[in-house]
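Summary of the model geometry
Here's the letter readout for the chains.
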Amino acid sequence: MQQDKHPSYHPVVFRDRSAGYAFLTRSTASSEQTIQWDDGETYPVIDVEISAESHPFFTGKARAGAPSRMLPTHGRS
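Summarised in this report is the structure supplied together with it. (Residues numbered from 1 in each chain as written. Predicted model: local features only at pLDDT ≥ 70, side-chain atom pairs only at ≥ 80, totals over all residues. Heavy atoms only, no water.)

Moving on: the overall build of the chain. Looking only at helices and strands, one finds 2 helices and 4 strands in the chain. Across the chain, helices and strands are ordered from the amino to the carboxyl terminus as β-β-β-β-α-α. Counting all 77 residues of the chain, 17% fall into the buried class. Surface exposure of the chain reaches about 6400 Å², of which carbon and sulfur atoms provide 51%. (Helix = DSSP H or I, 4+ residues; strand = E, 2+ residues; numbered from the N terminus. Buried < 20%, exposed > 50% of the residue type's maximum accessible area, 1.4 Å probe, protein only. Areas by Shrake-Rupley, 256 points an atom, 1.4 Å probe, with all protein chains shown as cover.)

This is the structure in structure tokens:
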């Protein structure tokens, strides 16, 4: 494998600002901001607006959509 053709793959913390949730993973993404993690190490942190912790589909808080409103119109129960 040629080392100079591949991006740096390193530990990064992704932080969901709306849910107050953060997780450590590996990524090629980088950031100037850093955060001290639970293990005492400092990692780059990338703030995201939505993640599985705050998205209604993944949390089970999604509303019923158009199909449930259309059932009575089409004579189905």
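Structure shown, so let's carry the discussion forward.
Evaluated as defined, the whole model comprises 2 aromatic pairs. With a centroid separation of 5.8 Å and an interplanar angle of 25°, the aromatic rings of Phe 14 and Phe 23 are classed as stacked. Centre to centre, the rings of Tyr 21 and Phe 23 are 6.0 Å apart; their planes meet at 35°, and the pair counts as tilted. With relative accessibility at 34%, the residue Tyr 21 sits in the partly exposed group. Its relative accessible area of 30% is what places Phe 23 among the partly exposed residues. One aromatic cluster is present, formed by Phe 14, Tyr 21 and Phe 23 through successive ring pairs. (Phe/Tyr/Trp six-rings, centres within 6.5 Å; stacked < 30°, edge-to-face > 60°.)

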